[in-house]
Amino acid sequence: MNTLLGRRARVLAATTAMAGVVLVAGCTSSGSGGSAGKAAGGVELVKAGEITTCTHLPYPPFQSEVDGKVQGFDVSLVDLVAKDLGVKQQILDTPFENFKTGAFLNSGQCDLAAAGMTITDERKKHVDFSDPYFDATQAVLVDKKSGITSLADVKAKGKKLGTQAQTTGEDYAKKQGFDPISFESSDAVVNGLRTGQVQAVVIDYPVVQGWLKDKANADAFSVVGNLNTGEQYGFTVKKGNTKLLAAINKALKDAKADGTYKKLYEKWIGPYDATAASPSAS
């Protein structure tokens, strides 16, 4: 994460019908932390005509940048919120630690955060979460040549384990007694596996599913464990921002009711599991 702390945040246009696709430098904050405009239903936004989303790139299939365009499951769901509000979505790429503290929400630089973020009691102290929109599990992915057959095997054979910094996957590994090598992004995690810095990684299973769509990865790596840690993802807003939170929850509810959620799930995640549309309360 440290390599990101000095990096200027970037605003990227989401790939929606209403938004442009040009990379824009700088922030779209009103500068005062206050609202610059209102959308449908009296929802206050930091910039008129736009809903600004904080994320952390890359994290496919939830959000990633391809040829200057940001796309993914999270992006598509927030597009639905933007459509309901009659605005376009802009995306601000920021360090992941800001999602835990709500820093960019509190400073008025973003309206919401969407980053495949697990709902936790600790994070609820700093931000308000939407209804859960995705049930997540952690996968143990290993180099096939390592001979590792389970997470416990990593320790037993003295192999190195990698995780993404400041994620629940990293927290889980530490609770199991590991001292994992920490990488700042999901791309760095898989690169660590490719280059032999680590022989196994613990990271969200949907991310692993995306990696294994690439034949070279599928030939080199295999999943030896799927850990049900009871995690669910949610979008976040500044504490007390009830109108925007209600708009997000309405968009999620409508998408699950009319089949849009299923369509987007199949496009970005894979085969649809009906339980994903009605996750239990976190």
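I will try to describe carefully the structure that is included in this document. (Residues numbered from 1 in each chain as written. Predicted model: local features only at pLDDT ≥ 70, side-chain atom pairs only at ≥ 80, totals over all residues. Heavy atoms only, no water.)

1. Considering the pairing of strand S14 (residues 200-204)
Thinking step 1. Across the 5 residues that make up S14, a large majority, 5, are buried.
Thinking step 2. Of the pairings in the sheet, the one linking strand S11 (residues 134-143) to S14 comprises 5 bridges and is antiparallel in character. Note that in S14 the partner of Gln138 across the bridge is Asp204.
Thinking step 3. Summarising the sheet, strand S12 (residues 161-164) and S14 pair through 2 bridges and their orientation is parallel. Each bridged residue has a counterpart across the sheet, and for Gly162 the counterpart in S14 is Val201. (Buried < 20%, exposed > 50% of the residue type's maximum accessible area, 1.4 Å probe, protein only. Helix = DSSP H or I, 4+ residues; strand = E, 2+ residues; numbered from the N terminus. Pairing = 2+ DSSP bridges.)

2. Some details on the nonpolar core
A general tendency of soluble globular proteins is for nonpolar side chains to be buried together.
Thinking step 1. The biggest cluster of nonpolar side chains holds 46 residues, and the ones touching the most others in it are Ile51, Phe73, Leu85, Phe134 and Trp211.
Thinking step 2. Listing elements by their share of this core, those giving two or more residues are helix H2 (73-85), S11, helix H8 (186-194), S14, helix H9 (205-211), strand S15 (221-233), helix H11 (242-258) and helix H12 (260-268).
Thinking step 3. Sequence-distant contacts of Ile51, that is, excluding residues within four places in its chain, are made with Leu45, Val81, Ala82, Leu85, Val87, Lys88, Gln89, Gln90, Asp111, Leu112 and Leu244.
Thinking step 4. Ranked by size, the runner-up nonpolar core spans 13 residues in total, among them Phe96, Leu105, Cys110 and Met117. (Core = buried A, V, L, I, M, F, W, Y, C linked by side-chain atoms within 4.5 Å. Contact = heavy atoms within 4.5 Å.)

3. With respect to the sheet that holds S15
Within a beta sheet, neighbouring strands are joined by backbone hydrogen bonds and run either parallel or antiparallel to one another.
Thinking step 1. Here 5 strands make up an open sheet; going across it, the order is S13-S12-S14-S11-S15 and the pairing mixed. Only two strands of the sheet have a single partner each, and these edge strands are strand S13 (181-183) and S15. Strand after strand, the sheet turns through a mean of 25° between neighbouring axes, direction not considered.
Thinking step 2. Where H8 meets the sheet, its contacts fall on S11, S12, S13, S14 and S15, and the angle it forms with S14 comes to roughly 160°. (Axes fitted to C-alpha atoms, helices over the stretch in contact; angles between N-to-C directions.)

4. Notes on empty space enclosed by the protein
Thinking step 1. Taken as a whole and assessed by the stated rule, the structure comprises 3 cavities of 30 Å³ or more.
Thinking step 2. One number sums up the size of the largest cavity: a volume of about 100 Å³.
Thinking step 3. Lining the largest cavity, in full, are His56, Tyr59, Phe96, Ala115, Gly116, Met117, Thr118, Arg123, Gln164, Thr167, Thr168 and Asp204.
Thinking step 4. The space that makes up the second largest cavity amounts to roughly 50 Å³.
Thinking step 5. Cys54, Thr94, Asn98, Phe99, Gly102, Ala103, Phe104, Leu105, Ala113 and Thr236 together form the lining of the second largest cavity. (1 Å grid on protein atoms, 1.4 Å probe; cavity = no way out; pocket = protein on both sides within 12 Å on 5 of 7 lines; lining within 4 Å. Points joined across faces, edges and corners; volume = space filled by probe spheres on them.)

5. Description of the packing of H2 against H11
Thinking step 1. Where H2 meets H11, the closest approach of the two axes is 9 Å, and the angle between their N-to-C directions is 115°. With respect to H11, the element H2 is oriented roughly perpendicular. Considering the relative orientation of H2 and H11, their crossing is right-handed. From H2, Leu77, Leu80, Val81, Asp84 and Leu85 reach across to H11, where they touch Leu244, Ala247, Ile248, Ala251, Leu252 and Ala255.
Thinking step 2. Split by residue class, the contact of H2 with H11 holds 10 nonpolar, no polar and 1 charged. (Parallel < 35°, antiparallel > 145°, perpendicular 65-115°, else oblique. Left-handed = near helix turned anticlockwise from the far one by under 90°. Nonpolar A, V, L, I, M, F, W, Y, C, P; charged D, E, K, R; others polar.)

6. Details of the state of the cysteines
Thinking step 1. Applying the stated criterion across every chain, the model contains 1 disulfide.
Thinking step 2. Note on cysteine connectivity: Cys54 is disulfide-linked to Cys110, with sulfurs 2.1 Å apart. Between Cys54 and Cys110 the disulfide shows an S-S torsion of about 75°. By sign, it is right-handed. With Cys54 in strand S5 (residues 50-55) and Cys110 in the loop between helix H4 (103-106) and strand S9 (112-113), this residue pair connects regions lying 56 residues apart in the sequence. Like Cys54, the residue Cys110 is buried in the burial classification. (Disulfide = S-S within 2.5 Å.)

7. A short note on the environment of Lys144
Thinking step 1. The topology assignment puts Lys144 in the loop between S11 and helix H6 (151-156).
Thinking step 2. The spacing of Lys144 and Ala200 is 56 residues in sequence and 9.5 Å in space, taken between C-alpha atoms.
Thinking step 3. In this structure, Lys144 is in contact with Ala218, Asp219, Ala220, Phe221 and Ser222, ignoring residues within four places of it in sequence.
Thinking step 4. From its side chain, Lys144 meets the backbone oxygen of Ala218 in a polar contact 2.9 Å long. (Polar contact = N/O pair within 3.5 Å; in protein donor to acceptor, adjacent residues only side chain to side chain.)

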